[in-house]
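Read off the chains here:
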Amino acid sequence: MKFRYKVLFTNLILLSLGLGLVGYLMIHKNFELAKQTQLKNAIVQNNLVQSSVEYELLQLLNSVSDNSETSNNNIDNNNAEKSSISASSIAAQLPQIGSRVSSSVRSRDSFFYIYFDGEKVYTDDKSDARIGDTLFKNLTTGNKNYVIKEESQKHYIYVTSQSVIDEKNLWIVSKCDASEAYTLLDEQINYFRLIIIVILIAESAAMYFISRYMTKPLEKLNHVSEEIAQGDYATRVNVKSHDEIGLLAQKFNIMAQAVSDHVDELNDMVHRREQFVADFTHEIKTPMTSIIGYADTMRSLELPREEQMMALGYIFSDGKRLESMSQKLFELIYLRRHDIEKARVHMADLCAEVVKVVEPAYENRHLTIETEIEDTVLTVNRELLVTALVNMMDNARKASEEGQQVEVTGKFVDNRACNIRKDKTDIGEAESADDGKCMTAYEICIIDHGIGMTKEQAAKICDEFYMADKSRARKEGGAGIGMSLVAIILEHHNAVLSVESEPGCGTTMRILLPW
C-alpha cells in the first residue's frame, strides 16, 4: 500500500473515531436533557392527578363530616387519616373520583391509575398495561418512583406517588408518553450519520489531494532512487521544501553525490589498473624484445668480438632497466600498503647525500649542481626522502642539455604558498593562502633549465609509466615510475609537490614539508 493511502486511511479512521465520540456525547446529552424534560412533565402530571384525587377525597370526607357531626377531620398531602368512614366506602367512591379527575385534568397521551390498599380501583388507560411491582417498592409518602417502559413501539414514563388514608395506601400512578425524546434521539442519530458520511467523503477527497501533495517529494525520491539503481548517478532530487522531507532530499542528494564520486573513483581505479597493466606490458616488452633479439643473434651467428660486446652491452643495459623497474614497482606497492617510520634529520646533510648520489651521472652529462641549503631539523624518513629527491634530480638531469646547471635550494617559507594539505599530494601550481591559514614550511626546490613541459604534461607526471618524452626517457633508461614513487613518499610526509614548467624554459619542482 502506498504511503499516501496509509495517511488517508489513518486520517479517516481518526476522524471517524473523533466525530463518533463527539457525536455520541452530544446526542446522549441531548437525549438525557429531553428525557429529563419528559420526566419533569410526568411528575407534574402525577402531582396534578394526586392533588385532584386528594381534593375530591377531602370534599367527600367533609360532606360525611357535616352529616355525621364528627370532629377531628384532617386530610393533607402527607397523611390523610379518617376514622369516621370505612375503607370499603372510600374504595367504592374512588372510581367515581377517578372519572371526574380524568375528565378535568387528563391530557392527550397521558393516563393514570388509582390503587387503594394494593388493589387497582380505577384507570383511564384502555390498554390497561400491567405495571408490575417495581413502581411500588420502597415507596414512601412524599417520594415518587418512576420507570420507563416500551409499549407498542412507544415509550411511556410511569410515575407513582403515595398517600395514606385510614392506614391504607393510596397509590396514584400516572402514565405519560415519552416517545418524543426517543424520536428525537433517532432523528439526531440519522442526521448525525448523514453528516458523518458527508464529512468523511469531503475529508477523503481533501486528504487525498493533501496527502498526494505532501508525498509527492517522496515519489520523486523513489523515482530518483530507481534511476540511480539503474546506473544514472547524475540524477538528483529537486525538492525545495524546508521541512523534514526537504532535509531528507538534501541528505539524499549528498548521498547520491558521494555514491557518484565513489563510482567515479572506482571507475578511475579500474581504468588506472588497466592502463597500468597495459603500460607495464608495453614497458617490459621493449627491453625483453631487445634482450631476446640480441641473445638469439649471439646464439645463432658467429659474431666478431666487437659486435658481441655491443650486443652484450644492450642486453646488460636493458636488463638493468628491467631491474630498476621491478625495484621501483616493489617500492611503490610496499609504500601504498605500509606506514613509514620517521626520525629527526638535518636537511643540509640529507641534501648533501642526494647531491653525492647523483653527482657522477651529472658529471657524465657535464652538468653542474648549484646548492643553497638552509639547515634545519625535520622529522622525516631519511631513506625514502633521499629516494624521492634522487628521482627528481634524475628527472632534472634527463631534461637538461649538456653544460646546463641544475639548482637545489632549501629554506623556510612563510606568509605565501604554504598551506599544507594533509590529505594528498598536490600537482600543479601552489595556491597562496591567507595569513590566518598559513603555516611555516620547509621548501625544497629543484630547478632545471631544460626542455620543460606543458601544463597538461606536468599534471600527469605522477601517473605510473607516464613519460612526457618517451623516446628521450627510454634513451636515458627511464621507466616512468620514479615520479609515482615520489608522490607516494611525499604523501606519507604530508608534503605538497608543485610543478611549474614551460616548454623550452625548464621546470621548477617545489616540495613543501610541514615544519
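No experiment lies behind these values; they were computed from the predicted model shown.

Let us now look at the overall build of the protein. A count of helices and strands for the protein gives 10 helices and 14 strands. A total of 515 residues make up the protein; the buried ones form 37% of that total. Of all intrachain contacts in the protein linking residues separated by at least 6 positions in sequence, the fraction that spans at least 24 positions is 70%. In the form shown here, the protein has an accessible surface area of approximately 30,400 Å², with 53% of it arising from carbon and sulfur atoms.

Close approach of charged atoms allows side chains with opposite charge to pair. A full pass over the atoms with the stated rule returns 11 salt bridges. For the salt bridge of glutamate 151 with lysine 175, the shortest nitrogen-to-oxygen distance reads 3.0 Å. Residue glutamate 151 is located in strand β5 (residues 144-151), and its partner lysine 175 is located in strand β7 (residues 168-177); the two are separated by 24 residues in the primary sequence. Relative accessible area serves as the criterion here: at 2%, lysine 175 is assigned to the buried category. With a shortest N-O distance of 2.9 Å, arginine 510 and glutamate 500 are connected by a salt bridge. Remark: glutamate 500 occurs in strand β13 (residues 496-502) and arginine 510 occurs in strand β14 (residues 506-514); sequence separation between them is 10 residues. When its relative accessible area of 15% is taken as the criterion, arginine 510 is described as buried.

Glancing now at the pairing of strand β6 (residues 154-165). Counting buried positions along β6 yields 11 of 12 residues, so the element is predominantly enclosed. Judged from the eight bridges that link them, β5 and β6 form a sheet pairing that is antiparallel. Bridge pairing in β6 links asparagine 145 to threonine 160. With 10 bridges connecting them, β6 and β7 associate as antiparallel partners. The residue of β7 that forms the bridge with isoleucine 157 is cysteine 176. Hairpin connection from β6 to β7: two residues lie between these consecutive antiparallel strands, with aspartate 166 at a positive phi of about 50 degrees.

Attention shifts here to a nonpolar patch on the surface. Taken together, the side chains of Met1, Phe9, Ile13, Leu14 and Leu17 make up a nonpolar region of the molecular surface, amounting to roughly 580 Å² of accessible area. Take isoleucine 13: it is sitting in helix α1 (residues 3-68). Owing to a relative accessible area of 51%, isoleucine 13 belongs among the exposed residues under this scheme.

Once that is clear, we can look at unusual backbone geometry. The backbone of asparagine 138 sits at a positive phi, close to 55 degrees, despite the residue not being glycine. Its location among the elements puts asparagine 138 in the loop between β4 (119-123) and β5.

Applying the stated criterion across every chain yields a total of seven aromatic pairs. When the ring of phenylalanine 31 is compared with that of tyrosine 182, the centres are 4.9 Å apart and the planes differ by 70 degrees; the resulting orientation is edge-to-face. Of this pair, phenylalanine 31 sits in helix α1 while tyrosine 182 sits in helix α3 (residues 179-229), and the two are 151 residues apart along the sequence. What makes phenylalanine 31 buried here is its relative accessible area of 10%. On the basis of an interplanar angle of 40 degrees and a centroid distance of 5.6 Å, the ring pair of phenylalanine 112 and tyrosine 122 is categorised as tilted. Separated by 10 residues along the polypeptide, phenylalanine 112 in strand β3 (residues 110-116) and tyrosine 122 in strand β4 bring together distant segments of the chain. Summarising the burial analysis for this pair, phenylalanine 112 and tyrosine 122 share the class buried.

Looking at the protein, pLDDT values average 80 and 82% of them are 70 or higher. Here residues 69-84 is modelled with pLDDT under 50, and outside its nearest four sequence neighbours on either side it reaches 28 contacts, counting other chains as well. Under a pLDDT of 50 for its full length, residues 417-438 has, in the predicted model, 49 contacts with residues more than four places off or in other chains.

Conventions we followed
- Residues numbered from 1 in each chain as written.
- Predicted model: local features only at pLDDT ≥ 70, side-chain atom pairs only at ≥ 80, totals over all residues.
- Heavy atoms only, no water.
- Helix = DSSP H or I, 4+ residues; strand = E, 2+ residues; numbered from the N terminus.
- Buried < 20%, exposed > 50% of the residue type's maximum accessible area, 1.4 Å probe, protein only.
- Contact = heavy atoms within 4.5 Å.
- Areas by Shrake-Rupley, 256 points an atom, 1.4 Å probe, with all protein chains shown as cover.
- Salt bridge = Lys/Arg side-chain N within 4 Å of Asp/Glu carboxyl O.
- Pairing = 2+ DSSP bridges.
- Patch = residues over 30% accessible without salt bridge, like charges linked within 9 Å, V, L, I, M, F, W, Y side chains within 5 Å.
- Phe/Tyr/Trp six-rings, centres within 6.5 Å; stacked < 30°, edge-to-face > 60°.
- pLDDT = per-residue confidence, 0-100.

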